[in-house]
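# Residue-level structural notes
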Amino acid sequence: MTATLIDGKAFAATIRARVTQEVARVKAAGITPGLAVVLVGKDPASAVYVRNKGKQTVEVGMESFEHKLPADTPEADLLDLIAKLNADPAVHGILCQLPVPDHIDAEKVLAAIDPAKDVDGFHISNVGLLATGQKAMVPCTPLGCLMMLRDHHGSLSGLEAVVVGRSNIVGKPMAQLLLGDSCTVTVAHSRTRDIEAVVKRADIVVAAVGRPEMVTGDWLKPGATVIDVGINRIDAPEKGADKTRLVGDCHFDSCAEVAGAITPVPGGVGPMTIACLLANTLTACCRAHGLAEPEGLTA
Ligand code: NDP
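Because the structure is predicted, anything quoted here is derived from the model rather than measured.

### Thoughts on the domain arrangement of the protein
Parsing the protein into structural domains produces domain 1 (29–115) and domain 2 (140–271). Spacing between the C-alpha centres of domain 1 and domain 2 amounts to 29 Å.

Listed below in structure tokens is the structure:
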């Protein structure tokens, strides 16, 4: 491997340490930042995410409010809960864990969250603010990617960036953030022609596709920085029958031979996502109370 490893786990720890410091400052002013996480149903992966979020929220000194609702909760009851959290001054951030059960309209739920408390950055108001270069709540995963890129490169101005994937959660906000930092941005997707040639132009590649190991080393420009957002579980017969392992959207070994820097999976973007959720909650709290926002924790 010739690429520098961008250690998301270690970087996330430094972000959490900053957040912990800033939370202490806010608490000294008599305010405790609070994050409410709502989980509907018993999806095992979502339950693990919610548990981790709650644990890390408490570790940085914030208040964690967990609302676990049964899978058959009527949509109206969920919307009532969101309205109560919107009105609760102890709650500065609200996150509804997705996916929600089929009988609930996720768009409606996201639209019901007060944009000022929308720490996931999915509310249409925040999407619009980000797209027009204004102060927004920024989705956590792309924010984490941006922080790692800024940390590695310093200025991103003028760099060619290719984002592979155009989802509302990762690809599109990632492209907006890179544009905000003056990259020349291309967004590739499933209909892109000659995607390998497109990726080859990039100084920065952000892969958010959901296809195991799709981007290989021969797609890359030598020295490119690769941010692998993908989290894919694949069979791992080498570890034994029925064993699995996590891989990204980039083929790590071949990419690491050509790239200048690369994030691993696991241990890259994943830990940064929760760290940015905590950072967003702190930011929302500071904005709600007119306190100075900590530097370097927002876009
Ligand atoms: P989506 O399924 O919503 O979007 C995937 C995107 O990839 C789509 O825009 C799709 O294009 C594009 N795509 C699919 N196949 C190809 C292909 N063959 N060539 C080029 N583009 C393709 O996924 P998400 O954005 O939600 O997530 C992407 C990955 O990131 C997943 O592995 C997910 O698990 C992971 N993830 C990780 C997070 C973390 O914290 N690390 C957080 C969120 C997601 P089209 O629009 O044309 O269909």
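### As for the pattern of salt bridges
Under the criterion given, the structure shown has 10 salt bridges. Residue Arg18 pairs with Glu22 through a salt bridge whose shortest N-O separation is 3.8 Å. Placement of both Arg18 and Glu22 in helix H1 (residues 8–28) is noted, with a separation of four residues, approximately one turn of the helix. According to the relative accessible area criterion, Glu22 is buried, its value standing at 14%. Taking the shortest distance from any N to any O, the salt bridge between Arg245 and Glu238 comes out at 3.2 Å. When its relative accessible area of 57% is taken as the criterion, Glu238 is described as exposed.

### A short note on the sheet that holds strand E7 (residues 204–207)
What links the strands of a sheet is backbone hydrogen bonding, and the strands pair in either a parallel or an antiparallel sense. Read from one edge to the other, the open sheet built from six strands follows the order E1-E11-E8-E7-E5-E6, with strand pairing classed as parallel. Across the chains shown, the open sheet's two edge strands, defined by having one partner strand only, are strand E1 (4–5) and strand E6 (184–188). In this fold helix H7 (residues 171–180) packs onto strand E5 (160–164), E6 and E7, with an angle of close to 170° to the strand it touches most, E5.

### Brief notes about the sheet that holds strand E2 (residues 34–40)
Reading across from one edge, E3-E2-E4 is the order of the three strands in this open sheet, with parallel pairing throughout. Both edges of this open sheet fall to strand E3 (63–69) and strand E4 (93–96), since each of them pairs with a single strand only. Neighbouring strand axes in the sheet, compared pairwise and without regard to direction, differ in orientation by 15° on average. Contacts from helix H2 (residues 44–59) reach E2, E3 and E4 within the one sheet, and its direction differs from that of E3 by about 160°.

### So, the pairing of E5
Every regular strand shows the same layout, with side chains that alternate between the two sheet faces. Here E5 lies mainly inside the structure; four of its five residues are buried. Between E5 and its parallel partner E6, the chain crosses via H7, and the hand of that crossover is right-handed. By the bridge criterion, four bridges tie E5 to E7 in an arrangement that is parallel. Following the sheet pairing, Val164 is matched in E7 by Ala207.

### Quick word on the nonpolar core
With 55 residues, the main nonpolar core has Val19, Leu178 and Val206 as its most contacted residues. Among the elements that take part in this core, helix H10 (residues 269–288) stands out by supplying 11 residues, more than any other. The contacts of Leu178, once residues within four sequence positions are left out, are Leu146, Leu149, Leu156, Ala161, Val163, Cys183, Val185 and Val206. Ala3, Val205, Trp219 and Ile262 belong to the second-largest nonpolar core, a separate cluster that totals 19 residues.

### Section: H7
Listed in full, the buried residues belonging to H7 are Gly171, Pro173, Met174, Ala175, Leu177 and Leu178. Where H7 is buried, its residues touch helix H5 (124–131), helix H6 (140–153), E5, E6 and E7. Immediately beyond the C-terminal end of H7, within one or two residues, lies Ser182, with a positive phi of roughly 65°.

### A short note on the packing of H6 against H10
Where H6 meets H10, the closest approach of the two axes is 8 Å, and the angle between their N-to-C directions is 105°. By the angle class used here, H6 and H10 are roughly perpendicular. Contacts between H6 and H10 pair Cys140, Thr141, Leu143, Gly144, Cys145, Met147 and Met148 from the former with Val269, Met272, Thr273, Cys276, Leu277 and Asn280 from the latter. Residue classes in the contact of H6 with H10 are distributed as nine nonpolar, four polar and no charged.

Each value, and the rule that gives it
- Residues numbered from 1 in each chain as written.
- Predicted model: local features only at pLDDT ≥ 70, side-chain atom pairs only at ≥ 80, totals over all residues.
- Heavy atoms only, no water.
- Domains from an automatic or database assignment.
- Salt bridge = Lys/Arg side-chain N within 4 Å of Asp/Glu carboxyl O.
- Helix = DSSP H or I, 4+ residues; strand = E, 2+ residues; numbered from the N terminus.
- Buried < 20%, exposed > 50% of the residue type's maximum accessible area, 1.4 Å probe, protein only.
- Pairing = 2+ DSSP bridges.
- Contact = heavy atoms within 4.5 Å.
- Axes fitted to C-alpha atoms, helices over the stretch in contact; angles between N-to-C directions.
- Right-handed = clockwise from strand over helix to strand, strands pointing away.
- Core = buried A, V, L, I, M, F, W, Y, C linked by side-chain atoms within 4.5 Å.
- Parallel < 35°, antiparallel > 145°, perpendicular 65-115°, else oblique.
- Nonpolar A, V, L, I, M, F, W, Y, C, P; charged D, E, K, R; others polar.

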